[in-house]
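Below are the chains, spelled out letter by letter.
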Amino acid sequence: MYKSNRLFIWLLFIAIYPGLLNAQEKSSSLLTLDRIYASGEFRMDYLQPLQWIESGNAYVRVERDENGKQELVRYETASSKRNIIIKNEWLIPNGPEKAIYVESFTYSPDESKLLLFTNSSRVWRANTKGDYWIYDFKNKSLKQIGTSFPASTLMFAKFSNDQNKVAYVQDFNVYVEDLKSGNITALTRDGGNGLINGTFDWVYEEEFGVRDGFRWSPDGTNIALWQLDASNTGTFYMINNTDSVYSQPIPIQYPKVGQTPSACKVGISNLADNQIRWIPLEGEANQNYIPAMQWINKDELLVQQLNRHQNKLIVWLYSLSSKSLKKVYTEEEKTWVDLQYPDASSNSWGKNDLQLVDNQTCFLRLSENDGWRHIYKVNIKTGEKTLLTPGDYDVASMLVTTTKEVYFHASPENSTQRFLYRVDLKGSGKLKRVTPSEANGMNIYNVAPNGRYAIYSHQAALEATQVKVVSLPKHQTLNTLVDNQSFTEKITGISIPEVEFFSVTTEDGIEIDGRMIKPINFDPEKKYPVLFHVYGEPWGQVATDSWIGLWNIYLAQQGYIVIDMDNRGTPCLKGSDWRKSVYRKVGVINTHDQAMAAKEVLKEMKFIDPERTAVWGWSGGGSMTLNLMFQHPDIYKTGMAVAAVSNQLIYDNIYQERYMGLPQENMEDFVQGSPITHAKNLEGNLLVVHGTGDDNVHYQSMEMLVNELILHNKQFQMMAYPNRSHSIYEGRNTTRHLYTLLTNYLMQHVPVNN
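How each quantity is defined
Residues numbered from 1 in each chain as written. Predicted model: local features only at pLDDT ≥ 70, side-chain atom pairs only at ≥ 80, totals over all residues. Heavy atoms only, no water. Pairing = 2+ DSSP bridges. Helix = DSSP H or I, 4+ residues; strand = E, 2+ residues; numbered from the N terminus. Axes fitted to C-alpha atoms, helices over the stretch in contact; angles between N-to-C directions. Salt bridge = Lys/Arg side-chain N within 4 Å of Asp/Glu carboxyl O. Buried < 20%, exposed > 50% of the residue type's maximum accessible area, 1.4 Å probe, protein only. Contact = heavy atoms within 4.5 Å. Polar contact = N/O pair within 3.5 Å; in protein donor to acceptor, adjacent residues only side chain to side chain. Parallel < 35°, antiparallel > 145°, perpendicular 65-115°, else oblique. Left-handed = near helix turned anticlockwise from the far one by under 90°. Nonpolar A, V, L, I, M, F, W, Y, C, P; charged D, E, K, R; others polar. Expected span 1.5 Å × (residues − 1).

## Side note on the sheet that holds strand β21 (residues 300–307)
And then number 1: With antiparallel pairing, the 4 strands of this open sheet are ordered in space as β20-β21-β22-β23. The sheet terminates laterally at β20 (288–295) and β23 (325–332), the two strands that pair on one side only. Each neighbouring strand pair of the sheet contributes to a mean axis angle of 20 degrees, computed without reference to strand direction.

Next up, the structure:
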């Protein structure tokens, strides 16, 4: 009996073994949320801090040795010859046993010293407060600066051009420290109680990308600095309910739309007499913005000024010696003037300075005055403009110049991709593509100051990021910095969906670009549920040929179609009219375009089930999700809105007024574009998600919407993440929890019919 049972079990095992193998193989080829967010199995590598030196003939990056300890390594660009310039043990101060942890670094102008940033703390979006140490290559010494101040409180430390001094911000005041004597001089003393010296308020940082608010003169005798008076800015209070038995209010000076901006002025502090001479710009200080200021020589400054409506940009030339102020350049639009251009290829957020060319006699400016975004060369003395990039195409973002050419990103034929181009500075307009013709996807470059080399980053819909050092203009690979080989090998072991790029023309005659991720083993004869992912506002494009992400792959494996589409008002490379058609109509035109495009998709693509449609988005995409659910309930059956602006009247003034005007002038547009106005029309399933510590889109936004939905007896679900910011990532397991929540809600209300 025992033998016969054993034989039976053996025969049964032989029969089912192939099935077990197939099940195991199938299991390993499919993603789970735990595999994505908890296992650590899929780790994508990213480029570590890197800085060009010697005009680009070399670069330095932070690496780790075989023991996982930091070291700074110099590479010769042409040969990739590697040399350790700072070993970990050289970063150990006298006393402590541990080396300082280098978060970022800056060379002195003569590259004889390094300024090391460490022990940082977060200020709004970025870690900009911390400690600074100077490493001297000549004597291999390590010295901390600002030791008389509390730990982790210095900001934006910078060398003077003679390497003898360092300036920094501490507690809203600007200081200069002499490196030989150690003497510290306060250039300002009135910081605090609403006065901000050498840095910026919340909204300048968020919307102009500026944090560092002072500039050394080339000869090191003066410092130009900003001062903001935010004393009249309203205070918004976030509430921390979890870190104490009593709630703790967190105050933020946050100017809501329609409220008066912080008064801003710029001045020059002379280190000899320690006096600040304020530059007498035109207009009221609280009705204009000053997002950029730069030295062009030891006597002259360029200052950029935007009016409050942000439809007029003036570039001023100020002379210290003559105390004269001259208007060099003026640019006006009926809609808005972009200071920086939100684009998938731009890696210079916050770098608002104008590029100087022709021996500092001219600057380059991206302008849309002729209907396309083009590069113009402007003579500083005469104001004469020369168009460098003529043609019916947009420049996506501008990079660096050589003595003869300017490099920039563009994609004249396909707005979903980006490539590197160059054109000469004389104005011939002859466009030359540098990225190889066979390349697809997003090709982003950090070009060296000398224009001979670049850090080249490539990704596509189904290709993880690779980063290489290439020569220019021949585009020969010199070194690979990030290959993501391990990640790619992991990905090749799972079931990968097909990605298709398409376009639809709406009933209004608007052609909309789209990206569709199809389910695994797609069968056009079947009916599939669809999840539309949206953003739809002027600060983001989603239907790009860029890495689709593991969550989208997971959804495709489960049987969902995932679609991204870009409506008018998004920063596609389709001309100024396309991008600026949403002026004073955010929430109206973009919502209409998105819905009409979805309507065409459902009509043309018969394999999509129109009864199983869902939409989701984050931030501006959350607002779009709400508007689509409320204004087009016939199309969208389920929505998931994360960190959404439900009421345009509660967002910040710089962003909302740029695209919508001032509510004092056109209140009806703000009301009509706000999702909360249309909340009474909700018919489908709605999930709203928000972090209570969101300093960008305040939790107030969700509470207002919740009250409106309650008023109209509309049923919905909500999730609040305590003390999480706009990105909802803080705290252990948060990301995994959030995407589990979204996935479960989607599967519950938009099921896959197997």
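Now, onward.
## Things to note about the pattern of salt bridges
And then number 1: Considering all chains together, one arrives at 35 salt bridges under this definition.
And then number 2: For Asp 273, the salt bridge identified is with Arg 277, shortest N-O distance 2.7 Å.
And then number 3: The exposure class assigned to Asp 273 is partly exposed, which follows from its relative accessible area of 33%.
And then number 4: Among the residues examined, Arg 277 registers a relative accessible area of 36% and is labelled partly exposed.
And then number 5: As a salt-bridge pair, Arg 365 and Glu 331 come within 2.9 Å of each other at their nearest N and O atoms. Highlighted residues: Arg 365 in strand β25 (residues 362–367) and Glu 331 in strand β23, separated in sequence by 34 residues. Comparing Arg 365 with Glu 331 shows no difference in burial state: the two are buried.
And then number 6: Because the salt bridges share partners, they merge into one network encompassing Arg 61, Glu 63, Glu 71 and Arg 82.

## Things to note about the pairing of strand β5 (residues 104–107)
And then number 1: A one-sided burial pattern is seen for β5, the buried positions being Phe 105 and Tyr 107 and the unburied ones Ser 104 and Thr 106.
And then number 2: Pairing analysis gives 4 bridges linking β5 to strand β6 (residues 113–123), with the strands arranged antiparallel. Paired with Ser 104 across the bridge in β6 is Phe 117.
And then number 3: Where β5 folds back onto β6 in an antiparallel hairpin, the turn is made up of 5 residues, including Glu 111, whose phi is positive at roughly 60 degrees.

## Notes on helix α9 (residues 653–660)
What sets the pattern is the α-helix's 3.6 residues per turn: residues three or four places apart point alike.
And then number 1: Counting buried positions over the 8 residues of α9 gives 8, a clear majority of the element.
And then number 2: For α9, the set of buried residues is Asn 653, Ile 654, Tyr 655, Gln 656, Glu 657, Arg 658, Tyr 659 and Met 660.
And then number 3: Tucked into the core, α9 has its buried residues touching α3 (202–208), β20 and α10 (663–673).
And then number 4: The backbone nitrogen of Ile 654 lies 3.1 Å from a side-chain oxygen of the residue at the head of α9, namely Asp 652.
And then number 5: The first or second residue beyond α9 is Gly 661, which carries a positive phi of 80 degrees.

## Here we look at the packing of helix α7 (residues 589–604) against helix α8 (residues 620–631)
And then number 1: Closest axis-to-axis distance for the α7/α8 pair is 10 Å, and the angle between their directions is 70 degrees. Considering their axes alone, α7 and α8 lie roughly perpendicular with respect to each other. The interaxial crossing formed by α7 with α8 has right-handed handedness. On the side of α7, the interface is formed by Asn 590, Thr 591, Gln 594 and Ala 595, while α8 contributes Met 624, Asn 627, Leu 628 and Gln 631.
And then number 2: The residue inventory of the contact of α7 with α8, partitioned by class, reads 3 nonpolar, 5 polar and no charged.

## Some words on α7
And then number 1: For α7, built from 16 residues, the straight-helix expectation of 22 Å at 1.5 Å per residue is met to within 8% by its first-to-last C-alpha distance of 22 Å.
And then number 2: Extensive coverage of α7 is indicated by the burial of 12 of its 16 residues.

## A word on the sheet that holds strand β29 (residues 405–410)
And then number 1: Spatially, β28-β29-β30-β31 is the arrangement adopted by the 4 strands of the open sheet, whose pairing is antiparallel. The outermost strands of the open sheet, each flanked by one partner alone, are β28 (395–401) and β31 (432–433).

## Section: the packing of helix α5 (residues 550–558) against helix α12 (residues 734–749)
And then number 1: Between α5 and α12, whose axes approach to 12 Å, the crossing angle comes to 25 degrees. Judged by the inter-axis angle, α5 sits roughly parallel to α12. Once α5 is placed against α12, the crossing between them reads as right-handed. Of the residues in α12, those touching α5 at Trp 551, Tyr 554, Leu 555 and Gln 558 are Tyr 739, Leu 742, Thr 743, Leu 746 and Met 747.
And then number 2: Partitioning the contact of α5 with α12 into residue classes produces 7 nonpolar, 2 polar and no charged.

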